[in-house]
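Architecture and fold: a report
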Amino acid sequence: MKHDAQRPFGRLLTAMVTPFRGDGSLDADGAAKLATWLVDVQGNDALVVNGTTGESPTTTDAEKETVLRAVLEAVGDRAQVVAGVGTFSTAHTIELARTAEKAGAHGLLVVTPYYSKPPQAGLIQHFTAVADATSVPILLYDIPHRAGVPITTETLVRLAEHENVIGVKDAKGDITASSWVLQRSDLAFYSGEDALTLPLLSVGAVGVVGTSTHLTGASTKQMIHAFERGDVAAALRLHRQLMPLYTGIFRTQGAILVKAAMNALGQPAGPMRSPLVDATPAELEQLRADASAAGVTI
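An account of the accompanying structure is given in this report. It should be emphasised that the depicted structure is a prediction, and the values quoted were computed from it without experimental measurement.

1. Looking at the overall build of the protein chain
- Within the protein chain one finds 12 helices and eight strands.
- Compactness check: the protein chain gives a C-alpha radius of gyration of 18 Å against a globular reference of 19 Å for 298 residues, within 12% of the reference.
- Reported as C-alpha extents along the three principal axes, the dimensions of the protein chain are approximately 45 × 45 × 35 Å.
- Buried residues in the protein chain amount to 58% of all 298 residues.
- A fraction of 69% describes how many contacts in the protein chain between residues 6 or more apart in sequence connect residues 24 or more apart.
- Total accessible area on the protein chain is roughly 12000 Å²; 52% of this is exposed by carbon and sulfur atoms.
- Side chains of the protein chain carry 24 positive and 30 negative charges; the gap between the two charge centres is 3 Å.

The following block contains the structure:
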């Protein structure tokens, strides 16, 4: 699938949950069905599978490959499929990247190595090694509040020189830093925080890798299109309308509430895997209220 240099993965991406059956086993058919709904109904240009919203810390390498292949088969002819391959081990990340490439992934999402808190020199070494090991375009995932360290402006600008590093999922929450990277590189920026999509568009971002977009995808895409055509008032109206879900989906861990919502809507999702737990009835009720405030029915 050909990449648009400015928007290599389109405008709207959702970090998809991984459906499990009632007994906790992988539901590959459910993954295909959910992917189809996210593309055909919610309007996603691309899907991220095996990200942290997909509970990647709890799925085996074999399960990751199974999910990726199921989603590629279901929607790969009309949407791009980006495989989450990042871990805190460079060697393991390279293994996952090569497996995803063989499966046919259109892109790779590589998160900052977490917990070990490597210095910037370590990040450059890690991301460069992964980028050297594959020909698949890479989206760096900068999320310091989860990983423990940021990818600094200087590091991002340097990594942008690698031909395989084409973009960033930006969950840093620092629009000034993002602005500097956008000014000094040709990286495509995707908001990694749903509520910051419109602010980041204003400084040059091209889209979002969302979580609430399991529910708000179509409206979020309208917001992005409105901004692009210069109708800032319409974009702002949609931003404000969707804020209760953009933020409400994170009242607890995002995947927990997404799965609760998908289950309530009759979409494949199933239970969480430990150490995450299913949403409580009260949490689901609050999510329904947040959704209703955003004009979405669960």
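2. Details of the nonpolar core
- Membership of the largest hydrophobic core comes to 68 residues, with the highest contact counts inside it found for Met16, Leu68, Val71, Val75 and Leu108.
- It is helix H1 (residues 28–40) that contributes the most residues to this core, seven residues altogether.
- The residues touching Leu68, leaving out its near neighbours within four places in the chain, are Val49, Asn50, Val81, Ala83, Ala100, Ala103 and Ala105.

Here is what the cut-offs are and how they apply
- Residues numbered from 1 in each chain as written.
- Predicted model: local features only at pLDDT ≥ 70, side-chain atom pairs only at ≥ 80, totals over all residues.
- Heavy atoms only, no water.
- Helix = DSSP H or I, 4+ residues; strand = E, 2+ residues; numbered from the N terminus.
- Rg over C-alpha atoms; globule rule 2.2 N^0.38 Å.
- Buried < 20%, exposed > 50% of the residue type's maximum accessible area, 1.4 Å probe, protein only.
- Contact = heavy atoms within 4.5 Å.
- Areas by Shrake-Rupley, 256 points an atom, 1.4 Å probe, with all protein chains shown as cover.
- Lys, Arg positive; Asp, Glu negative; His and termini not counted.
- Charge placed at Lys NZ, Arg CZ, Asp CG, Glu CD.
- Core = buried A, V, L, I, M, F, W, Y, C linked by side-chain atoms within 4.5 Å.

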